Amino acid sequence: MEKKILFPCVGGFVHGGDYNPDQWLDRLDILEEDVKLMKKAGVNCVTLGVFSWAAYEPEEGDFHFEWMEQIIENLFQNGIYTILSTPSGARPAWLDAKYLEAMRVDNKGLRNRHGGRHNHCMTSPRFRDKVAVIDRKLAEHLGRHPGVIMYHISNELGGECYCPQCVQKFQKYLAEKYDYDIDRLNMEWWTSFWSHHYNTFGEIEPPFANGETTIMGLNMEWKRFTTFNMNDFLQYEIEVLHSVTPQIPVTTNFMSLFGGLDYRKMAPGLDVVSWDNYPPFHNDGETFGETMLGSAFNHAVMRSLKRDTPFMMMESTPSLVNWHSINKLKRPGVHKLSCLQAVACGSDSVQYFQWRKGRGSYEQFHGAVVDHLGTDDTRVFREVAQVGELLQKIAPVAGTVVKSRAALLFDWDNRWAIWDVKALGQKTKKYEETCRDIWKVFLRLGVDMDVVGSDEDLSRYDVVVAPMLYLLQPETAGNLKAFVNRGGQLLATYFTGYVNDAQLCYLGGFPGDGLWELFGVISEEIDALYPSDRNGILLEDGSRWEVMDCAEILRVQDAKVLGTYTDDFYQGSAALTCKNHGKGNAYYVAARTEASQMSALFEKMLADAGIPVKKLPEGVEYHVRSGEEGNYEFYLNCTTEPVELSGVNGYDMVTDAPVSEKLTLPEYGAAVIRL
Ligand code: GLA
Ligand code: ZN
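Residues numbered from 1 in each chain as written. Chains lettered and ligands numbered in written order. Predicted model: local features only at pLDDT ≥ 70, side-chain atom pairs only at ≥ 80, totals over all residues. Heavy atoms only, no water.

**Student:** Honestly, the pairing of strand β1 (residues 14-19) in this entry has me stumped. Any pointers?
**Tutor:** Moving residue by residue along a regular strand, the side chains alternate between the two faces of the sheet. Within β1, six of the six residues are buried, which leaves the element mostly enclosed by the surrounding structure. Taken together, the four bridges between β1 and strand β9 (residues 347-352) define a ladder with parallel strand orientation. Bridged to G16 within β9 is Q351. Two strands pair when backbone bridges link them, and β1 and strand β2 (residues 45-48) are joined in this way by four bridges, in the parallel orientation. Residue pairing across strands places G16 opposite C45, the latter belonging to β2. Between the parallel elements β1 and β2, the chain passes through helix α1 (residues 28-40) in a crossover that is right-handed. (Buried < 20%, exposed > 50% of the residue type's maximum accessible area, 1.4 Å probe, protein only. Helix = DSSP H or I, 4+ residues; strand = E, 2+ residues; numbered from the N terminus. Pairing = 2+ DSSP bridges. Right-handed = clockwise from strand over helix to strand, strands pointing away.)

Structure, rendered in structure tokens:
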């Protein structure tokens, strides 16, 4: 497969981060010092202008780009490239004072006041005009500079607006979606319930907190609309930039599992997916290795939005953040390990928020490469500089990708439907945790699953796990059947196939849309367990899985029963089944268990699919990136003890030494093995 190096001029990995010179324009000495320090830290690229609107346009129509041009030029002369952001993430005060409608309205209908960020109305034509003007000028004045290698649109898009213009746009969106057929909408939203029938699209309000929140179809469409409208805004900004500088690629920084926007709908409009990674390292609720696995899952979600190209880790902290409940420092060595993890998972960049700590305001104590102390003689700076060196050493890895033959299905629509549904235990639905926990077990087996949408093409996979696929997209059942019929190993769980994409229940048996035939079981009832309740599943080999939170009672049609309940009135009935379809198998797990208890079953699925499993010591992560020249294996020791691994052969690009059979990693150590 051909390598796609994101930025050939950088010649490998991007190393840098958010740089806010606009906070230091009166301190030229500091700006000069910054460039020197960046070179020392091995920084080859910075992100500029994320929040620079007020500096570019201090008063309406009065534009100043010279200062930024000088900065870009000076960096460029010193071998440092620029990712140029559009400044739409925060508005200057003059703009809000003059154009009230630029400010967002909340879900009680109250207009925000000026301040903060990420709080514009996505619909407002006036605000869009203002953004178009600044973006066009930005592209004209700065976008043609040879140092600018990418545009970064706005910042961490998110939130909803309930202003009258957004409400109107929502109504239009619905009318178009339903072909102006209000009867169809009423039917799909089941509005005969509680007399909530609509006569016209104009009567429909979004789910105001003090209004209509009980129609599942409405709630879902509002979320879909918010994605649609945010994406529309994003594409609007992209079009303005492209009209001036079409050759410059674009990204916007996502936030992994952020629930407010369906990133899968937004990614196709971007050249590169990027995201901001802030794991709660060293927290007191889980082991460090678990936190790392959680972060690896997030990387997999982001990486899978564009499966055949590297992504970028647009932000991370060199030391600590200022917004976790406890802002703990990354322990020595952890910075390098977590940066290498991003690379191992497919990132072609290691970028930070932020280069230098500001003196004041909200983020003055957020970690940075350069602290208030102002020197390179700090632990954090040294660790960052080491990462800079390391990225140079492993530069040939850039452009390669993670390729997986196993996938986990994970949907935003399904998330939203599960959040909203009045069923199970309100606090124990745990859709995301369930997906993540299963994904982690696969990674522990050395299998770095892709995380893809339930309507995506599954032809590249041999193992598919679909936890809690409550809502089925129109294509899902067909895709899953085709997958198993061509020999795929599929596992689904309780709470699968209850509703269609309008959230209307399937009639005639769950999992619906004909899926019960694939699994050979019908779920007749679902029981929710109190947190202290336990049941169990007794397997054929005598082992027992513990059951918590929810358990379905099955009618077995034509599947093999592999496990039965140990307790309660459904004791002895089927809890784990498998239906054979030639080489393909469709497994159904009817109750929630610890994901780790399913490990042996996952191993069997992988073995049947011919996917090799790797047994690793506790706390060691394994990832592979592949390119035309072969594979690079990453071993990450996410523990505070040295570990010894056997069966590792190749050349370690970290230590610059061959490895034959035995690899020893120090605490938080990592190896990148070229095969
Ligand atoms: C987000 C934002 C940044 C900054 C960091 C702090 O990722 O994009 O501007 O606020 O958080 O962690
Ligand atoms: Zn609005």
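Alright, that's what it looks like, and here's the rest.
**Student:** Just checking my understanding: could you explain the environment of E621 for this structure?
**Tutor:** Secondary-structure assignment places E621 in strand β21 (residues 620-627). For E621, a relative accessible area of 2% corresponds to the buried category. Between the C-alpha atoms of E621 and Q341, which are 280 residues apart in sequence, the distance is 8.7 Å.

**Student:** Help me understand the pairing of strand β17 (residues 560-565), please; the structure alone is not making it clear to me.
**Tutor:** Bridge count for strand β15 (residues 535-539) against β17 is three bridges, and the pairing is antiparallel. Counterpart to L538 in the pairing with β17 is T564. Looking at chain direction, β17 and strand β18 (residues 574-581) are connected through four bridges and run antiparallel. When the sheet's bridge partners are listed, V561 is paired in β18 with T577.

**Student:** What should I look at first to understand the site of ligand 1 in this one?
**Tutor:** What surrounds ligand 1 is the set F51, R117, N155, E156, N253, D276, Y278, E315, W323, F353, E363 and H366. One nitrogen or oxygen atom from the side chain of E315 is found 2.4 Å from an oxygen atom belonging to ligand 1. A distance of 2.6 Å separates an oxygen atom of ligand 1 from a polar atom in the side chain of H366. Burial of ligand 1 by the protein chains amounts to 97% of its free accessible area of 300 Å². Here the residues of the shell around ligand 1 are counted per class, giving four nonpolar, three polar and five charged. (Near = heavy atom within 4 Å. Polar contact = N/O pair within 3.5 Å; in protein donor to acceptor, adjacent residues only side chain to side chain. Areas by Shrake-Rupley, 256 points an atom, 1.4 Å probe, with all protein chains shown as cover. Nonpolar A, V, L, I, M, F, W, Y, C, P; charged D, E, K, R; others polar.)

**Student:** Quick question: what am I supposed to make of the side chain of D34 here?
**Tutor:** Positionally, D34 belongs in helix α1. Side-chain polar atoms of D34 contact the side chain of Y19, separated by 2.8 Å.

**Student:** Mind showing me how you'd approach the state of the cysteines here?
**Tutor:** A covalent bond bridging the sulfur atoms of two cysteines is what the word disulfide describes. For the structure on display, the rule yields zero disulfides. This cysteine, C638, is not joined by any disulfide, and C345 carries the nearest cysteine sulfur, 9.9 Å off. (Disulfide = S-S within 2.5 Å.)

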